[in-house]
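Structural description and commentary
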Amino acid sequence: MNVLKKGIMEDQRLLASAALFRQLHENKKDIYDVLAQFLCSTIVIHQLWEFDVTKCSQKLNSDYGFDIPEAVVKSCLKNRLKKKELLEFNNSKYYVTEKFDRNNTLKASYEQVKEEQDYIKNLLIQFVKSFSKVELNSEQIEELLSDFYSYFIHDRKQSENSVVISQFIIQNSENSLFTDKLNKVEEGLILYGGICYNSDLVNAEPWRNDFQIVLDTELLFDAVGLNGEIHYRMFEEFLLLVKGLRDRSGNKSKIELKYFEETKNEVESYFYAAEKIFERNQHPDPSKTGMINLLQTCSTKSEVTIRKIEFFEKLGKMKISLDAGTDYYDKPEYNIESTSMLDKLKREFPDYELDKIADALKVFTKINYKRKGRSNIKLEQTGALLVTGKNITKSLSHYFSTQGERTIPFAVTLDYITERLWFKSHKGFANGVKLPTTFDVVARAQVILSTQVAAKVADVYKDMKDSVASGAMSKETAANLVIELRSKNLQPEGFVPDLVEDIMSFMDEDVIENALRTNSLLEIRAEQGIESEKQVEALQKKLEEVSADKNELVIKSNLEKAATKAEAQALVRNVIIQTRIREGVNLKRNARLKYKLIRSVYFILLAIIPVSFIAYYHVPSDTVVSVASLLSGVIPLLCVAAVFKPIKKLTSRIVISGFKRKIKRRNGIHPVDNLLLTMR
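Figured I'd write up the structure that's included with this text. (Residues numbered from 1 in each chain as written. Predicted model: local features only at pLDDT ≥ 70, side-chain atom pairs only at ≥ 80, totals over all residues. Heavy atoms only, no water.)

Some words on the overall build of the chain
Selection rule: In this description a helix means any DSSP run of H or I spanning at least four residues, a strand means any run of E spanning at least two, and both kinds are numbered starting from the N terminus. Relative accessibility thresholds used throughout: buried, under 20% of the residue-type maximum; exposed, over 50%; partly exposed, between the two (1.4 Å probe, protein chains only). Whether two residues touch is decided by their heavy atoms; if any such pair falls within 4.5 Å, the residues are in contact. Areas reported as accessible are Shrake-Rupley estimates using a 1.4 Å probe. Residue values count occlusion only from the protein chains shown.
Assigned secondary structure in the chain consists of 26 helices and eight strands. By residue count, 42% of the 680 residues in the chain fall in the buried class. Sequence separation of 24 or more characterises 74% of the internal contacts of the chain that already satisfy a separation of 6 or more. Surface accessibility of the chain: about 38800 Å² in total, with carbon and sulfur atoms responsible for 54%.

Next comes the structure, spelled out in structure tokens:
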């Protein structure tokens, strides 16, 4: 079995286990109760009627993918299973008692969860096939599934298929069953993460250490709402968690929110750029959503200055302050900046600019200084953490964190710190508890797509400026392209199912090449249009010259044509009149025949009715005299009915009405009239 396939199976096992963990947590008081069920299942699967903690932990990992610290497993065995007399402890080993249920009660539920995830997995494969229009080979499918599982675990590291997976989630986001299954996985992994972070899951202690959370530029924009509704809501929820932990600590520790001088300079540069855009009447970079939102709230350059003042005032009200007055280079042992490190990272990340790598290292040095060089301890004890939204900062931080075992990274996402604070707050997932937006899989997919589209727009914008500078693209084409790019760069909440196909097309196309090709086609058509206009003008001039010489001939010809046309119209008119006369005669004759036919049928019915009556009621005892007497009484009635005027009038009305309808149809456009119309 190759490494990738083995990794896929392990990840799939963990996702299924996490979803089941969350499902079982619905009706349990605490996480130890749920973990105890998984431990019981492992004991039954491997028939561990006697075992030590290490062996039980290893088997739990192999069965369900849970890499849980032995201290947590030991605590659960002791405080749950032993306390309920399901296990006995003797000579450093646990022994199963008679009260222990030797049936695997989790097996059916676990298999059902796996089936549900297999269904979602197959949906994803079909989704990718439908958009790529090609069959995926086994290697591509394995890579897609590996990336899908990594989408939820492995610190949610961005992968080759992150965009298409996010599109898949948004495409199905209106299916509540689908999103519920994925959110159960997400929430289960958060619970699992909490188990790994904390050995005491029941009695969650308040935050005991002084701690500084340093916010990068994007987070400050999130805080004041410049990056859209979802980012603003996520930051608000994070802020409430910080406030809650501050209150629980009883002022025995401080959790501070800070930003570095570099971040302040970046923010001020942002507002300065906004002022220059107003001053020069330029288009803003369409990839900068915050800049676009800022400019939409301002109508003059002076209003931009007011917005900057308000920006820092809002940060102050949220108790987010500038970190200043510290010499971060007075202890060289905490400095991680060096030429050799720059060269090493440049080789590792060739796509990143050297000065951007240097900027990130500078910030990491400050975090390392605040931690006093300690990153291999618990998060709360490190003392400082950078929260960022920049891909380069996240990538470099991940690189450094992999250099040591269980190292706390220098920089994390807002998702990461929100999960940690949520678990530390001991909120859990009980019914009625409002969960942070960062736990919502659809919201995260929207954020990922928004970030990736913004990166694509930024690349296109950079290439566009290079094309304009080299003369390959005109300023008019560039202006139109900027408008198009702005329509593509949406805030996270703007990414909805109806836009998925359009997003996928944009992410795959070469926008600059398409814009240049479109512009070339328009120029060719414009040139063709100019040539056509010149040709038309030349022809018109020639026609005017010819018409001046032949005016008299044309007039004479027109008079002759008019006379011929008048004769023909008179002839056709006579034909129409004669035709109408003949049709009128035929219609009258048909009307008379119809009247006579109706009257005849009426008389026949009058004769048949009495005869039928006599035949029906005639009996052998009737005499000729009695029948004759009956006829003598009926015949006068028949005579009266025969000359009954209302019947005659009704018959006349029916016939006349039909006659009028036919006359009306005849008086419409007659087939022969069409000939007359064409001659006009």
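There's plenty left to go through after this.
So, the packing of helix H15 (residues 354-371) against helix H17 (residues 391-401)
Applicable threshold: Lines are fitted to the C-alpha atoms to define the axes, a helix being fitted only along its stretch in contact, and any angle between axes, read from their N-to-C directions, falls within 0 to 180 degrees. Orientation labels follow simple angle bins: below 35 degrees gives roughly parallel, above 145 gives roughly antiparallel, 65 to 115 gives roughly perpendicular, and whatever is left gives oblique. The hand of a helix crossing depends on one turn: near helix anticlockwise from the far one by less than a right angle means left-handed, and clockwise means right-handed. Under the scheme applied, nonpolar residues are Ala, Val, Leu, Ile, Met, Phe, Trp, Tyr, Cys and Pro; charged residues are Asp, Glu, Lys and Arg; polar residues are all the others, including Gly.
Running from N to C, H15 and H17 point in directions that differ by 60 degrees, and their axes come no closer than 10 Å. With respect to each other, H15 and H17 are oriented oblique. In terms of crossing hand, the pair formed by H15 and H17 is right-handed. Taken together, the residues of H17 that come into contact with H15 (itself represented by Lys 356, Ile 357, Ala 360, Leu 361 and Phe 364) are Ile 392, Thr 393, Leu 396, Ser 397 and Phe 400. For the contact of H15 with H17, the class distribution of residues is seven nonpolar, two polar and one charged.

As for the sheet that holds strand S2 (residues 87-90)
Here is the rule we go by: Only when DSSP finds a minimum of two bridges between them are two strands counted as paired.
Reading across the sheet, the three strands line up as S1-S3-S2 and stay open at both edges, with antiparallel pairing between neighbours. Only two strands of the sheet have a single neighbouring strand rather than two, namely strand S1 (50-51) and S2. In this structure, S1 lies alongside strand S3 (residues 93-96), joined through two bridges in antiparallel fashion. If you follow Phe 51 over to S3, its bridge partner there is Tyr 94.

Notes on the sheet that holds strand S5 (residues 255-259)
Strand order in the open sheet made by the five strands is S6-S5-S4-S7-S8, with parallel pairing throughout. The two strands at the open ends of the sheet, each matched to only one other strand, are strand S6 (320-322) and strand S8 (411-412). Where S5 and S6 come together, three bridges link them in parallel fashion. Opposite Tyr 259, over in S6, you have Leu 322 as the bridge partner. The sheet strands contacting helix H10 (residues 229-249) are strand S4 (211-215), S5 and S6, and the helix crosses S5 at an angle near 140 degrees.

What to know about the packing of aromatic side chains
The following threshold applies: Ring pairs are drawn from Phe, Tyr and Trp, using the six-membered ring of Trp, whenever the two centres fall within 6.5 Å, and their geometry is named by plane angle: stacked under 30 degrees, edge-to-face over 60, tilted for the rest.
Applying the stated criterion across every chain, the model contains 29 aromatic pairs. With 5.5 Å between their ring centres and 70 degrees between their planes, Tyr 151 and Phe 152 make a pair best called edge-to-face. The exposure class assigned to Phe 152 is buried, which follows from its relative accessible area of 5%. Summarising the aromatic geometry, the rings of Phe 311 and Phe 312 are spaced 5.4 Å apart at their centres and angled 80 degrees between planes, so their arrangement reads as edge-to-face. Classification of Phe 311 by relative accessible area gives buried; the value is 3%. When its relative accessible area of 22% is taken as the criterion, Phe 312 is described as partly exposed. One aromatic cluster in this structure is built from Phe 21, Phe 38, Tyr 64, Phe 66, Tyr 110 and Tyr 192.

Considering the side chain of Lys 366
Locating Lys 366 in the fold gives a position in helix H15. Lys 366 has contacts with Phe 260, Glu 262 and Tyr 328, leaving out every residue within four places of it along the chain.

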